[in-house]
Amino acid sequence: MQGSTRTDKECAELPGSASNSEHSAPLTQPFSSDPPRRRVKDRGRAKYFHGREEVLGIVAELRADAEQGAAGDQGTTFLIQGAPGAGKTALLYRCAGEAARDGWIVAKIDSRALHDPIRMSECLDKPYIIQSERSVGATPWVASVSRTKTEAGISSVSRLLEVAAQEMKGLMLVLDEVQNIRDYANHSHKPEVKDTLNLIHNGEVGRPVILLAGGLGTSQKAFGRLGISRFHDGCIVNLGRLPASAERAVIQDWLVKDGGAEGDATPWIDAIARETHGWPQHIMCFVQPAVHIVHSNHGQMTPDGLEAVLRQGQQRKENYYLARVEDLEEQDRMVLGRALSTRPADASFRGSEVRGIFSGEYSRAEAERIFELIVHKGVLARTREGRFAVPIPSMHHWLVYQYRRARTQQQDAGL
Ligand SMILES: Nc1ncnc2c1ncn2[C@@H]1O[C@H](COP(=O)(O)OP(=O)(O)OP(=O)(O)O)[C@@H](O)[C@H]1O
Ligand SMILES: [Mg+2]
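This write-up is about the structure you can find in this document. (Residues numbered from 1 in each chain as written. Chains lettered and ligands numbered in written order. Predicted model: local features only at pLDDT ≥ 70, side-chain atom pairs only at ≥ 80, totals over all residues.)

**Considering the overall build of the protein chain**
In terms of regular secondary structure, the protein chain is built from 15 helices and seven strands. Relative to its full complement of 415 residues, the protein chain shows a buried share of 42%. Within the protein chain, contacts between residues at least 6 apart in sequence are counted, and of these 79% link residues at least 24 apart. (Helix = DSSP H or I, 4+ residues; strand = E, 2+ residues; numbered from the N terminus. Buried ≥ 20, exposed ≤ 12 C-beta atoms within 10 Å, placed from the backbone. Contact = placed C-beta atoms within 7 Å.)

**Brief notes about the pairing of strand 1 (residues 75-81)**
Within strand 1, seven of the seven residues are buried, which leaves it mostly tucked inside the rest of the structure. As judged from the three bridges shared by strand 1 and strand 5 (residues 236-238), these two strands associate in the parallel manner. Within strand 5, the position partnered with Gln81 by the bridge is Asn238. (Pairing = 2+ DSSP bridges.)

**Some details on the site of ligand 1**
The immediate surroundings of ligand 1 are formed by 24 residues, with Ala46, Gly87, Thr89, Ala90 and Pro280 found nearest. Elements that contribute at least two residues to the shell around ligand 1 include exactly helix 2 (88-101) and helix 10 (280-296). In terms of residue class, the shell around ligand 1 is built from 10 nonpolar, eight polar and six charged. When we break the shell around ligand 1 down by domain, the ones giving at least three residues each are domain 1 (18-48 + 242-325) and domain 2 (53-238). (Near = placed C-beta within 6 Å. Nonpolar A, V, L, I, M, F, W, Y, C, P; charged D, E, K, R; others polar. Domains from an automatic or database assignment.)

**Regarding the nonpolar core**
Ranked by internal contacts, the top residues of the largest apolar core, which has 106 residues, are Ala96, Met172, Leu173, Val174, Leu212 and Ala290. Per-element accounting of this core gives the leading share, nine residues, to helix 10. Apart from residues no more than four positions distant in its own chain, Met172 is found in contact with Ala96, Ala99, Trp104, Val106, Ile210 and Leu212. (Core = buried A, V, L, I, M, F, W, Y, C linked by C-beta atoms within 7 Å.)

**Description of the environment of Glu353**
Relative to the assigned elements, Glu353 resides in helix 13 (residues 351-359). The spatial distance from the C-alpha of Glu353 to the C-alpha of Arg387 is 9.8 Å, given a sequence separation of 34 residues.

See below:
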């Protein structure tokens, strides 16, 4: 099954190293008359999507299986989980786009739609895939039918799906940020949520229906709390980095198609890829300033421009790391940094080992809480082998660097 891979050769470096210095030369790019800023979003749907062929292939197979399945075997749940910025939402959107082109109805739902039929029918009424991406002649949007029927008195989501999906070749429900369903574990609507999840998971809607879910590393556990403990083989993906070829293709597309880069972009792609480790969020950290600078400079890729891109990208990367640890107490960061400092950047741990690191300092319950927080925030991510690792080597180095710096400060202060 697809998962995080650690095969790409990587160049990790400590914050504060030469290329990462905060004191690099200022941007000297000769901007033309105040050019409009190129807008590059760093979350969600990818303008230039590459890679993830294996996952897309599995989802296409699931659709085909669901279409051919006998009653009671016409769908399932497919879960994409990973750290923030791994590319879950972009991949959900891509999977959904392929399904829509194949004539499936795709609807983005939220967790309330799992127990509230009115909410579900509202969700069915909103196309998730923008019109231009749907094939000409695709199944027309039929959810208004389901709304009418809901208003006419269908009182459960399960029944609504059974009725609404009758008209469809297949229905794909896309639920992003699915870790939030854990809130239903102790909720009065838990029975209805469980019913809906089970109906889809067991392929019992009576028509092809797939729940395509994306969420942080705690998502599988959230499903477990609602009674979905076993997924079909291959139906959970722990999303890791992009392979080098896809990473380079993404950078190239942004530089050339949005930045208007002229000439050989290889030196810029090489330099950016050395910083991004195949991590989609990191790619966007560098591509955002790159597009702006190249565009402002009429497609020229100058050494000064590249220096500015690297400086700004590194700052954004560090902001990302800070956001990962902001909910951890200083002491927790120290404990984690100390444990990481004795291990290589590509080391992975059993879950019990990570808990062990903290149970030396805290009660068992508190160690478990911190472990969950660390996985939730993507400081550690699940690997394809079901172990845990810092998903990006430069984040490992950053955590260790922060730990060493804090320890030196404590020592200097005589603590
Ligand atoms: N395969 C890809 N090809 C090109 N760009 C991608 C790809 N995957 C992700 N991206 C881009 O990387 C950025 C981060 O991706 P995305 O928002 O999907 O991450 P995420 O895992 O959903 O993060 P979060 O947990 O914060 O919601 C986005 O700008 C997205 O468009
Ligand atoms: Mg997302």
